[in-house]
Amino acid sequence: MEASVRKLFERYERCFKQSLGSDIDMDEVASLYASDFIAASPAGVMTGKNDDQLKQVMAQGYAHYRAIGTKEMRIRNVRLSPIDEHHCVAHVAWRATYVRKDQSDVAIEFDVHYFVQELDGEPKVFGWVSGDEQALLRKHGII
């Protein structure tokens, strides 16, 4: 499972990189996620389905990242906590780099904890827990 989950996050990072160049394959992005998912952050808990609405929301999210000057989103580390033979938590350490007007670029490091299910050798994200992204962006003068 470890090798396949690491490959999943290599694809995840690659999709994010492509989205910052506005070369988005939303079918590829959607293929990273299970049919249903749950997300939690200080803003609350939400559930969703992997459908056209998810693709639309993700495309809007990527447009927002481009608009606020996101230059790069790179994985620094992936650490897995197995749950059972089909599930794990992938603790992903990210580094985001932002371009700021009349200032030097700024890099922000943060972690997201993804719930992953692997069935028939194919891992999919079915949930995640993240910190307060908006507060972090405000703290660093991005928004």
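Scroll up to find the structure this text is about.
Description of the structure in this document.

Conventions we followed
- Residues numbered from 1 in each chain as written.
- Predicted model: local features only at pLDDT ≥ 70, side-chain atom pairs only at ≥ 80, totals over all residues.
- Heavy atoms only, no water.
- Helix = DSSP H or I, 4+ residues; strand = E, 2+ residues; numbered from the N terminus.
- Buried < 20%, exposed > 50% of the residue type's maximum accessible area, 1.4 Å probe, protein only.
- Salt bridge = Lys/Arg side-chain N within 4 Å of Asp/Glu carboxyl O.

Of note, D102 is a non-glycine position whose phi angle comes to about 55 degrees, a positive value. With respect to the helices, strands and loops of the structure, D102 is situated in the loop between β4 (87–98) and β5 (106–119). Relative accessible area serves as the criterion here: at 84%, D102 is assigned to the exposed category.

One pass over the structure, following the stated rule, counts ten salt bridges. Taking the shortest distance from any N to any O, the salt bridge between E109 and R76 comes out at 3.4 Å. Of this pair, E109 sits in strand β5 while R76 sits in strand β3 (residues 70–82), placing them 33 residues apart in sequence. Accessibility expressed as a relative area gives 35% for R76, which makes it partly exposed. A salt bridge links R95 to E109, with the nearest nitrogen and oxygen atoms 2.3 Å apart. Here R95, found in strand β4, pairs with E109, found in strand β5; they are 14 residues apart in sequence, far enough to count as distant. On the basis of relative accessible area, R95 is assigned to the partly exposed category, the value being 35%. One continuous salt-bridge network, built from bridges that share partners, spans R76, R95, E109 and D111.

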